[in-house]
Every structure is written in structure tokens, then in C-alpha cells.
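# Overview (structure and organization)
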Amino acid sequence: MVSLALDTPELAEEYDVVGRRQYECGKQLIEDLGVAAGQRVLDIGCGTGLLGAHVAGIVGPRGQVVGIDPLPFRIALARKKAPPRFEASVGHAEDLSAYSPGSFDVVYLNFVLHWLPDKGAVLRAIHRVLEVDGLVGFTMLAKEKPLLLEQACQRALAASGLAESPTAALMPYRANSEEVRELFVSTGFKTKQLVIRVRTDHFDNVDEVLTFVSASSFGNHLSELTAAERGRVRDAFAVELEVYRDSQGIRLERSFIFAVAQKVADDRDGAGPAGGPEPRVVPSKRALNRKGKRSQ
């Protein structure tokens, strides 16, 4: 189970830094969605507001961005630095009852859906608040592709005598491309894009990796272990991660689904049309080096 009670102000502050890796994926998603001036946009799982602030700059003075997140410490940071036209509040993806039908032109979830078990409930809630012809888009770790970080963690747990620990599963509710396509059909959307993109991050050392994972998982990673067990896993993890080191640091690839779908005009019964392009695997245009900065 994923807990929302483990986040802290310190983790939120850390995520405001390390979350720039997810932010880069989010900017690509916003480009895929074609967000434009004057649009009304809902950012579900907005975190500390990095991507929401970027989108507020795109929609301009005639547009609006609303961000929600279930983690109060992250919302507090988002509010502190929120630019005009970006409003952040505590909220849950499955419950959008605060918003009227057709309130938004675009809804997006960046690095969010793989934390949510009931994706159908989320998409149905989004369907209600979207304008006809409005778009929903999300990034999510692709289940059909191996996650090197998770594999290294599983080996470290095994080497520490903790192979049965449930903490090995990172982002536990991932989906594959076919499941995403079926999800769109069952919730009344027409698939517009289904692409797998491979992103590469570099880290200096194991502690930087663990900070990234802990902040990104709002404290869930290794949370069920004792301090002594976490120390053993950390040392074993450091050994396992060295397998991936190159001249720039520890090189970790992640494969993301970038999905976009549309609420179509003739969808009256929630059983919208199927179809859409077949998924493609696209290499990243750029890698991120340590500290989340772009490589040249």
C-alpha cells in the first residue's frame, strides 16, 4: 500500500529540487498536448508546482491553471511561489467534485498515475470536468519495460536478506500500453497519442539516488524497514548501482508512456470510440545529468 502520511517538509523541499527530472518529462507532455494561450488547465498531482508554473506562463493572462495534490507540504511550497494564473490546493485525483462539468480544456497528470490503483475512477472524474474535445494527457512509467532502479533495489534487498520486503516495488501501479488503450476506451476517450519515450538520468552516488527516490515516493521507499535494515540496504544498493556507472555518473534509464486522449463530441454514454495510433518507442532527445540539469 502507498501511504500519503509519510511526507515531511524536508521531503517536499528535496522534491522541489530533484523533481526537475520529472519536470523535464512534463514539459514534453505539455508540448504533446499543445497547451495554448487562454486555455483552462488542471494539473493533477502538481507537487511543488514546477510544471504548473511553466504551464501558467503558456496560457497567459486569459488562461488559468489549477493544481491539486494530496500532499499538504508540497501544496504549501507551490502556493509560496505560485505565479499569477496558477492556483494550488489540496485535492485527490479520484474526486474532482469541486469542479463543474466542462470546466477545463486540458487535464494532465505527470508522473502520477503509477501511484493510483483505480485509474478508471480517475479517468471518469476527468471525463466529467473536461470540455467536449478537451484533452487528457499523462506520463507514467511503462510496465512493459524494465526499471533498472527497481532491479538494482531488488538485488540489494536480496543481498541484505530482505528479499521478501514489499518496498522493492517502485511506483507499484504501472500499466502497459495495451492497458492504457483499454483504459481510454472504457472511460470514454479517443486515443490520440501513445508513445514510449526512454529518458536517461545520471547520479553522482547512491545517496543522491536514494534522496531522489525517497522524495519522489513521498517517503514510501524502504519505509517499512528499520534504520539498521535501511543501512544494510543502502550499502548493498551502492554496490549494485556501480554496474550502471559511466563517465558521467550512475546512468539509469526509465521508459515512460506519454499518452494523450480526447473527449469526443459524440460520446454520450461513457463508451467512447476506440482507435488511435499504435505505441512507439522513442529515444530521449536529451539526457539529464546529475542534479537534474540538461546535458549538452
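Our subject is the structure that appears above.
Fair warning: this is a prediction, and the values are worked out from it, not measured in the lab.

The subject of this paragraph is the packing of helix 1 (residues 9–18) against helix 2 (residues 20–33). Interhelical geometry of helix 1 versus helix 2 gives an angle of 50° and a closest axis separation of 5 Å. Comparing the axis directions of helix 1 and helix 2 gives the class oblique. Residue-level contacts link Tyr15, Asp16, Val17 and Val18 of helix 1 to Arg20, Arg21 and Gln22 of helix 2. Per-class residue counts for the contact of helix 1 with helix 2 are three nonpolar, one polar and three charged.

Here we take up the packing of aromatic side chains. Taken as a whole, this structure holds six aromatic pairs when the rule is applied. When the centroid spacing of 5.4 Å and the interplanar angle of 70° are considered together, the rings of Tyr99 and Phe104 count as edge-to-face. The buried category is assigned to Tyr99, whose relative accessible area is 18%. Relative to Phe218, the ring of Trp115 has its centre 5.0 Å away and its plane inclined at 55°; by these criteria the two rings are tilted. One end of the pair, Trp115, is in the loop between strand 4 (104–110) and helix 5 (119–129); the other, Phe218, is in the loop between helix 8 (206–216) and helix 9 (227–241), with 103 residues separating them in the sequence. The structure contains a cluster of three or more aromatic residues connected by ring pairs, namely Phe138, Phe184 and Phe189. Across from the ring centre of Tyr23, 5.9 Å away, lies the NZ or CZ of Arg20, which sits over that ring. Here the basic side chain of Arg21 rests over the ring of Phe203, its NZ or CZ set 4.0 Å away from the ring centre.

Contact pair helix 1 / helix 8: the axes reach a minimum separation of 9 Å and the direction vectors enclose 115°. Relative to helix 8, the element helix 1 is oriented roughly perpendicular. Considering how the two elements wind past one another, helix 1 and helix 8 form a crossing that is left-handed. Facing Leu11, Glu14, Tyr15 and Val18 of helix 1, the residues of helix 8 in contact are Thr211, Phe212, Ser214, Ala215 and Ser216. Across the contact of helix 1 with helix 8, the residue classes tally to five nonpolar, three polar and one charged.

Reading guide: rules and limits
Residues numbered from 1 in each chain as written. Predicted model: local features only at pLDDT ≥ 70, side-chain atom pairs only at ≥ 80, totals over all residues. Heavy atoms only, no water. Axes fitted to C-alpha atoms, helices over the stretch in contact; angles between N-to-C directions. Helix = DSSP H or I, 4+ residues; strand = E, 2+ residues; numbered from the N terminus. Parallel < 35°, antiparallel > 145°, perpendicular 65-115°, else oblique. Contact = heavy atoms within 4.5 Å. Nonpolar A, V, L, I, M, F, W, Y, C, P; charged D, E, K, R; others polar. Phe/Tyr/Trp six-rings, centres within 6.5 Å; stacked < 30°, edge-to-face > 60°. Buried < 20%, exposed > 50% of the residue type's maximum accessible area, 1.4 Å probe, protein only. Lys NZ or Arg CZ within 6 Å of the ring centre and 35° of its normal. Left-handed = near helix turned anticlockwise from the far one by under 90°.

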